[in-house]
Amino acid sequence: MVPLKSWPGIALVLVVSLGLAALTAVLSLGALPAVVLILGWFIVAPALAILTYYEDDADGDPEAADDPVATLRERYARGELTEAEFERQLDTLLETEGTEQPSNRDRERTVVEER
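Residues numbered from 1 in each chain as written. Predicted model: local features only at pLDDT ≥ 70, side-chain atom pairs only at ≥ 80, totals over all residues. Heavy atoms only, no water.

As for the environment of Arg78
Point 1. Secondary-structure assignment places Arg78 in helix H4 (residues 68-78).
Point 2. For Arg78, a relative accessible area of 53% gives the class exposed.
Point 3. A polar side-chain atom of Arg78 sits 3.0 Å from a polar atom in the side chain of Glu80. (Helix = DSSP H or I, 4+ residues; strand = E, 2+ residues; numbered from the N terminus. Buried < 20%, exposed > 50% of the residue type's maximum accessible area, 1.4 Å probe, protein only. Polar contact = N/O pair within 3.5 Å; in protein donor to acceptor, adjacent residues only side chain to side chain.)

In structure tokens:
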């Protein structure tokens, strides 16, 4: 499906091409209204949808999408997890990832536990 941010541009192309086709029809310019409508609706609008669709995929950070801690934070921010569930799952993730350096959150947690 076409990303939501692409719809205003596509709608603009559709409305402008319809308006130009209507204007050229009122001025009795022969086949020009049909040409304008076909170009706008069947060539420019789909091309815009395709270009913005692929551009939107390139915007995301592939490393952030694969980061389980980032995914967990997003779920917590959306309200899918309670604080206790978030902490439990975060601890589980950190236990299974033994090769990484401790994050700032882990350092803060250690300082709080030492007090």
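Concerning the packing of aromatic side chains
Point 1. According to the stated counting rule, one finds 1 aromatic pair in the structure shown.
Point 2. Ring centres 4.7 Å apart and planes at 25° place the aromatic pair Tyr76 and Phe86 in the stacked group. Taken together, the positions of Tyr76 in helix H4 and Phe86 in helix H5 (residues 83-96) put the pair 10 residues apart, joining distant regions of the chain.
Point 3. Its relative accessible area of 6% is what places Phe86 among the buried residues. (Phe/Tyr/Trp six-rings, centres within 6.5 Å; stacked < 30°, edge-to-face > 60°.)

Quick notes on the confidence of the model for the protein
Point 1. When pLDDT is averaged along the protein, the result is 78; 70% of the residues meet or exceed 70.
Point 2. Confidence, expressed as mean pLDDT per element, reaches its minimum in the protein at helix H6 (residues 104-114) with 54 and its maximum at helix H1 (residues 7-26) with 91. (pLDDT = per-residue confidence, 0-100.)

Quick look at the packing of H4 against H5
Point 1. Put simply, H4 and H5 touch, their axes get as near as 10 Å, and they point 175° apart. Classified by the angle their axes make, H4 and H5 are roughly antiparallel. When H4 is examined against H5, the residues Pro68, Val69, Leu72, Arg73, Arg75 and Tyr76 are found in contact with a partner set consisting of Glu83, Phe86, Gln89, Leu90 and Leu93.
Point 2. Of the residues assigned to the contact of H4 with H5, the class counts are 7 nonpolar, 1 polar and 3 charged. (Axes fitted to C-alpha atoms, helices over the stretch in contact; angles between N-to-C directions. Parallel < 35°, antiparallel > 145°, perpendicular 65-115°, else oblique. Contact = heavy atoms within 4.5 Å. Nonpolar A, V, L, I, M, F, W, Y, C, P; charged D, E, K, R; others polar.)

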